[in-house]
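# Secondary and tertiary structure notes
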Amino acid sequence: MGDGAQDGRPTNFQKPCLHNYAPLNKMTTPSREWDYAPAPEATDHFRIRGRYDLFIGGRFVEPRSGRYRRTINPANEKVLSRVAEAAEGDVDRAVRAARRAYERIWSRMPARERAKYIYRIARLIQERSRELAVIETMNGGKPIRESRDVDVPLAAAHFFYYAGWADKLKFAVPARGVRPLGVAAQVIPWNFPLLMAAWKLAPALACGNTCVLKPAETTPLTAMHLAQIIQEADLPPGVVNIVTGDGRTGAALARHPSVDKVAFTGSTEVGKLIQRMLAGTGKRLTLELGGKAAHIICDDAPLDQAMEGVIAGIYSNQGHVCCAGSRLFVQEGIYPLVIRKLRDRIRTLRVGDPLDKNTDVGAINSRAQLERIEELVASGVSEGARLYRQPCRLPRKGFWFPPSFFTGVSSTHRIAQEEIFGPVLSIMTFRSPEEAIERANNTPYGLSAGVWTEKGARIFKIASKVRAGVIWANTYNKFDPSSPFGGYKESGFGREGGVAGLLPYLLTTQVDRL
Ligand code: NDP
């Protein structure tokens, strides 16, 4: 059945042709019944430095190349700072510092002492939470409400959680001995810069490893402020090292011969490159890659709550979320109602200044990402899907894309198969739970999924058959440091969070015997 045909109001959808695809940065139709007063978060309580060096061996050091790269605010394209570009020699210095710290200090330190440092980092993140949230928002474009209420508190929670594990590791792997691996190389993306740093560093440190972290090129600033926190926490020099740079820095780090473990979060494409590079080296690897989650709404679901789940699933952080609920499957009987409710709801989302506390949807992280989103959206239109874009005024400067959704989507369309990584939802229908399961699994990815229904038995049935690492029932995008997170298929392997998140950073006696 054609999805859009069931919607009683097709005239409000943009027609499937490119010239109806309104250009960005232009006002379309007036959308607000009233205006909110601006509520900008203050930026005068901290200082962004003019230049950030590499953090190696407990000190901030200049890159050997002497090269620095500008980092901008994607909401207005203003330069925020210049950040060092680490070349191969700098990566080598960082790995050597990590190796020294591992052999001489960190692996020998009693676990309860390690825990105290990790607790201290958690406390300092809490103390500097306002500063970290504002910098995260300025550098990445996400709404301040999200960095303030989600990213920063969750980052602190990860350090608290894993600090608690440091002296209890033998209980994580019952009846086996455990020891750290050595030096962990950790490459993180731009969508949750501080939180991803916490997901990587906290379990590695708790297990007794030392780390070299490579933040993403577009969002290095909170990692550098975390480096200041690590210095302030008096962590022994070299236990954590942070090298900024582009993909070449990440590649140099992953292939360094003195690295024992590589943990990567990012695109499937780069994940595969790293996997090929590491084949036969004996290095441990975990990959957290992309996703194309199925978000399933059954006809008995509480629809108003489900709409909030859909909104949180695809429009939070502008859809720059690996587990975003980017494919919505709606049971046929409720399809017209769901489309109407969704359209009404996204018209109320406020798009604009990420530092404004009223903002729901902020700026796209970079020009490159905006172009990627536009290219995929154009492909959806040209393949025949119908696009609805929230009518809103977009700022002239910066990178923006309005909350949007597609109806009339077929599962062969690129917008149903590829990760858009933007605020764009692809909506399809299903008749029975069996069909929902089959369509949900029709993807190369397997990271996350969501299901909305009042029937507990249906939740269990769907959750047990959808191949995804994380499945939310009657909620979406909820995170906790004690819950494992990770994927199947092209979404990667290994888990982060919870007890499972310790295992990739430990050698157990069973592994030794293999
Ligand atoms: P990448 O995979 O290129 O970037 C992730 C991290 O890997 C960054 O730190 C990047 O550095 C680094 N990197 C890039 N190339 C290499 C390499 N050869 N070896 C080691 N490290 C490398 O993602 P993109 O930023 O290009 O985003 C592309 C797409 O990937 C997005 O549109 C989205 O679909 C997906 N993505 C998924 C994420 C997830 O959470 N699963 C997160 C980010 C993106 P640098 O930033 O300097 O290039």
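Structure report, in brief. Please read these numbers as outputs of a predicted model, since none were measured by experiment. (Residues numbered from 1 in each chain as written. Predicted model: local features only at pLDDT ≥ 70, side-chain atom pairs only at ≥ 80, totals over all residues. Heavy atoms only, no water.)

### Section: the overall build of the protein
Convention followed: Helix and strand assignments come from DSSP, with helices taken as H or I runs of at least 4 residues and strands as E runs of at least 2, each series counted from the N terminus. We compute the radius of gyration from the C-alpha atoms alone; for a globule the expected value is 2.2 Å times N to the 0.38, where N is the number of residues. Burial classes: relative accessible area under 20% of the type maximum marks a residue as buried, over 50% as exposed, and values in between as partly exposed (1.4 Å probe, protein chains only). Contacts: residue pairs with any heavy atoms within 4.5 Å of one another. Accessible areas in this description were obtained via Shrake-Rupley with a 1.4 Å probe; residue shielding takes into account the shown protein chains only. Residues scored as charged are limited to Lys and Arg (positive) and Asp and Glu (negative), so that His and the chain ends carry no count. We put the charge of a Lys on NZ, of an Arg on CZ, of an Asp on CG and of a Glu on CD.
If you tally the helices and strands in the protein, you get 16 helices and 22 strands. The C-alpha atoms of the protein give a radius of gyration of 23 Å, which matches the 24 Å a tight globule of 514 residues would have. Once the C-alpha set of the protein is aligned to its principal axes, its extents read approximately 70 × 50 × 35 Å. Of all 514 residues assigned to the protein, the portion counted as buried reaches 60%. For the protein, the proportion of contacts with a sequence separation of at least 24, taken over those separated by at least 6, is 77%. Per element, the accessible surface of the protein, about 20200 Å² overall, is 51% carbon and sulfur. Across the protein, the 71 positively charged side chains and the 52 negatively charged ones have centroids separated by 4 Å.

### Side note on the side chain of threonine 453
To keep it simple, the criterion reads: In protein, a polar contact means a hydrogen-donor-capable atom and an acceptor-capable atom, both N or O and within 3.5 Å, with residues adjacent in sequence counting only if both atoms are side-chain atoms; elsewhere, any N or O pair within 3.5 Å suffices.
Here threonine 453 shows up in the loop between strand 18 (448–452) and helix 15 (456–465). A polar contact is formed between the side chain of threonine 453 and the backbone nitrogen of lysine 455, at a distance of 3.0 Å. Excluding residues within four positions of it along the chain, threonine 453 makes contact with Cys298, Asp300, Ala301, Arg458, Ile459 and Asn474.

### Quick word on the site of the ligand
What counts, and what does not: The criterion for a residue being near a molecule or strand is simple. One of its heavy atoms has to lie within 4 Å of it. Here the term cavity refers to a set of points on a 1 Å grid, laid over the protein atoms alone, in which a 1.4 Å probe fits but cannot get out; the term pocket refers to an open set having protein on both sides within 12 Å along at least five of seven lines, with lining residues being those that place an atom within 4 Å of a point. Should more than half of a molecule's atoms lie within 2 Å of a pocket's or cavity's grid points, that molecule is taken to sit in it.
As a structural note, the neighbourhood of the ligand is formed by 28 residues, with Ile188, Trp190, Ser267, Leu289 and Glu419 the closest of them. Contact between the ligand and serine 267: an oxygen atom at 2.6 Å from a side-chain N or O atom of the residue. Measuring from an oxygen atom of the ligand, one finds a side-chain N or O atom of glutamine 369 at 3.1 Å. Relative to its unbound accessible area of 850 Å², the ligand is 86% covered by the protein chains. Of all the cavities here, the one that holds the ligand is the largest pocket. Only helix 8 (247–255), strand 10 (261–265), helix 9 (268–278) and helix 12 (367–382) provide two or more residues apiece to the shell around the ligand. It is helix 8 that contributes the most residues to the shell around the ligand, 3 residues altogether.

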